[in-house]
There are 2 protein chains.
Amino acid sequence: MFQKPYPSVASLVTSNAPIPSVKAAGWVRTKRDAKDTAFLELNDGSCQGNLQVVIDKTSLPAAEAILASIATGASIEVSGELRASPAAGQKWELAASAVTLLGAADAETYPLQKKKHSLEFLREISHLRARTNTFGAVARVRNTLSFAIHEYFQNLGFYYVNTPIVTASDAEGAGQMFQVTTLDLDKVPRVKEGPGAGTVDYEKDFFGKKAHLTVSGQLNGETYATALGGIYTFGPTFRAENSNTTRHLAEFWMVEPEVSFLDINGNMDLAEDFLKFVFGRVLERNPEEMAFFNQWVEKGVVDTLKTVVQKPFARITYTEAVDVLVKSKQKFEFPVQWGIDLQSEHERYLTDVVYQGPVIVTGYPKEIKAFYMKLNDDGKTVRAMDVLVPRLGEIIGGSQREEDLAKLEKRITELGMHVDDYRWYLDLRRYGTVVHAGFGLGFERLVQYVTGMGNIRDVIPFPRTVGNAEF
Amino acid sequence: MFQKPYPSVASLVTSNAPIPSVKAAGWVRTKRDAKDTAFLELNDGSCQGNLQVVIDKTSLPAAEAILASIATGASIEVSGELRASPAAGQKWELAASAVTLLGAADAETYPLQKKKHSLEFLREISHLRARTNTFGAVARVRNTLSFAIHEYFQNLGFYYVNTPIVTASDAEGAGQMFQVTTLDLDKVPRVKEGPGAGTVDYEKDFFGKKAHLTVSGQLNGETYATALGGIYTFGPTFRAENSNTTRHLAEFWMVEPEVSFLDINGNMDLAEDFLKFVFGRVLERNPEEMAFFNQWVEKGVVDTLKTVVQKPFARITYTEAVDVLVKSKQKFEFPVQWGIDLQSEHERYLTDVVYQGPVIVTGYPKEIKAFYMKLNDDGKTVRAMDVLVPRLGEIIGGSQREEDLAKLEKRITELGMHVDDYRWYLDLRRYGTVVHAGFGLGFERLVQYVTGMGNIRDVIPFPRTVGNAEF
């Protein structure tokens, strides 16, 4: 049987009883060295708080020498007694009977000395930043969200499906995609003769054709949904977008459920239920991390999450939303009229001012939405849905899919795309087609929303953006 | 609250009681049309078995017309009574009071007619193959394994970490990697002047340098393990290997736990416990799928899994393994002597003949293992471990990592690599270094092992291999 090498700090600081003899290990966050007593704050990443190690220098042999070797960042092992702490804000402390230095950290060069570091600086040492309070908390909340996503869909009997990362399909639209190749860019092979003479000879490339990194698993996901009922993807997707903002990553994780026999109303129920569940899990499992974010990162973030969990989501049509916005007489940077895509300022006006809670907007003009969305009977709008949440705006985008072969082919042609490129996707409508729906959620935006972190680069371990693929 | 549009076929075929009035939906697997009665086998992907729909043609209005429109592959909705079935092998049947065709499937062109299709043929229609018994079963077992992996590590308090997919790090070794680029291969920009004049100008590429798809998340994973204690990755990795075999994919999913304060013995306990858990979950949750694989795909596969779950893993050193193999007098294709890498034939001799169960081999010659593995005191062997299982050989490879900065730098230099390329990785040893260990598991090989499927392309929804990136 596997046994953890040491009890976690989390298990010790929440112990139900004192422990006469225990060994703990972790990294030293701070050292406070007084005349007769020294205090070490020990952290092992298992929780937001530290375990206070108390060293009675009068009774611990060689205490001075050991303490001299221990600085912030050092790894140590401590044996001793877990006893009630007289200090405020902590139930237990570890009275050390022995302290062993495992790995030193040079106080001159270790970058994470006890002081406030800027997030920009910490981004430059992404390999060490998980050792800080902020990034430890982000990592734990991100983990809770990840697992909650799996739990939610597994509870429903949906299957986790791994859609491909590398794709040679023309169906996704080639804009802003990364190319994947094994060709030598120093001497790109060319087609020698015939129609394509002089162009890049992709027959010599690994996949025998031009290949890219996926921008979405949805189309592939639909193939499994129309065989297995309910599925979800949760994997990396890519955008080669030249956007240097706090909300864009070139590599990010997406969650995309897709469900057969589900219409737009069921899809709204699913999205609402899903968000309530995953936010509920974080509130329940990470109270300390959330208290930390609420105090130090974004005031009010806990209340915002509670609103989403507790309040029924308002449901309005795009047309109603436009009416409300126009009648509001509010000055927007982007003026509102039927046909425009709603901007963040409009979405937030709906959530923060009008409905004071989450809002789902459906029935968008077909021109501003994707080709595969189910056309309404009006011929003008599609069964798209955007889920908007307070303080942010859109967090989920989805739709009922067009299950009618003829209508879907017509739309593809209207948009100047080629039916032949969608052959396998259209087969799903050709053979045993069913009403189905799904949505997409950018996972890092979710983590950003839950933690209140201002820059999306700080909610993924190693961010990839224009000009940056360090570590 | 989200409600599934229909009760699943799985819930109906395992119902505890008859249901006087119920609606079900799914796809028709087969139709049997007799004089007064017709039978449809309905499947919705929720389980291996079908729900038998019984249509009493004498009482159902327009039965003949509806039945004429329904062929294999059609999607239908059925209302009726779930009642005890007189037929053998099924508890319930659905006596239809109404049948609605949702989506037809043309009997002439639908590729999945009722007959045995070759796996090769089904691979060409990967967008439809999940609708077959075999691939539905693979998808469900793959899902169980995925979630079991998360459950196992979450139960231990390990954190799920997403390591980067695109990497510009030189630390991984450039062999057999895919390049990721936004440069136009038709006119690759060149450095105009200076030292690199004439070479590809990667400053113009998206990341400002040459970038690749990752081959492993381990090094990045270690940065989080040495901050948070125990972590695991579970994401796609890539090999641009020109291998056209039944065991190689260019894109596959890897599971890589990494644990601080863990030594090689703890690592062995972890790997053994982990495999027993995930195999146990499949045996428990997918008995019908496993019975299917055992009967149709690989006889004995269930017993093999049970052996792994029940039998303690033998633990031997590489040196002992070589001794046993040499003394066996067995004729191997690759002769055995100390220093060679063990081949599949050797591994399987150990598991299938000598130990008749799983075996963990440790202490491999350093020359055949990676630079980051912990050197033993003999100076010749490293604390690597390969976990071997019956019928297959290696399923997991791992090691205790070298936590000693000086030794690790020495090894990097010995191998002709550059210490500077590993700067951030070495920081983990420079600051608060700890004993730590981890392993890697190719997820598709695991699925292949559990299902008995002969070709790895059949255990991932859309396989990517040399010359193939369809769908």
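What counts and what doesn't
Residues numbered from 1 in each chain as written. Chains lettered and ligands numbered in written order. Predicted model: local features only at pLDDT ≥ 70, side-chain atom pairs only at ≥ 80, totals over all residues. Heavy atoms only, no water. Contact = heavy atoms within 4.5 Å. Buried area = accessible area lost by both parts, 1.4 Å probe. Salt bridge = Lys/Arg side-chain N within 4 Å of Asp/Glu carboxyl O. Polar contact = N/O pair within 3.5 Å; in protein donor to acceptor, adjacent residues only side chain to side chain. Helix = DSSP H or I, 4+ residues; strand = E, 2+ residues; numbered from the N terminus. Pairing = 2+ DSSP bridges. Buried < 20%, exposed > 50% of the residue type's maximum accessible area, 1.4 Å probe, protein only. Domains from an automatic or database assignment. Nonpolar A, V, L, I, M, F, W, Y, C, P; charged D, E, K, R; others polar.

Caption draft 1: Here's a closer look at the interface of chain A and chain B. Taken together, the contacts link 118 residues of chain A with 118 residues of chain B. Carbon and sulfur atoms supply 64% of the area that chain A and chain B bury against each other, a total of about 9400 Å² over both sides. Taken together, chain A and chain B are joined by four salt bridges. Ionic pairing is found between D186 of chain B and R190 of chain A, a salt bridge with its closest N-O pair at 3.0 Å. Along the contact surface separating chain A from chain B lie 47 residue pairs in polar contact (both at pLDDT 80 or more). The biggest single contributor to the side of chain A that touches chain B is helix α4 (residues 133-155) of chain A, with eleven residues. As paired strands, strand β8 (residues 179-181) of chain A and strand β8 (residues 179-181) of chain B are joined by three bridges and run antiparallel to one another. Within β8 of chain B, the residue paired with Q179 of chain A across the bridge is T181 of chain B.

Caption draft 2: The pairing of strand β10 (residues 230-238) of chain A, seen in detail. Residue and element names in this part refer to chain A. The buried fraction of β10 is high, at nine of nine residues. As paired strands, strand β6 (residues 159-160) and β10 are joined by two bridges and run parallel to one another. Looking across to β10, one finds that Y160 is bridged to Y232. By the bridge criterion, nine bridges tie β10 to strand β11 (residues 251-260) in an arrangement that is antiparallel. Looking across to β11, one finds that T233 is bridged to E256.

Caption draft 3: Geometry of the domain arrangement of chain A. All names here are of chain A. Each assigned domain of chain A is listed with its residue range as follows: domain 1 (9-103) and domain 2 (133-164 + 228-458). A separation of 45 Å is found between the C-alpha centroids of domain 1 and domain 2. At the boundary of domain 1 and domain 2, one finds zero salt bridges. Inspection of the domain 1/domain 2 interface yields four residue pairs in polar contact (both at pLDDT 80 or more). When its residues are assigned to classes, the side of domain 1 that touches domain 2 shows one nonpolar, four polar and one charged.

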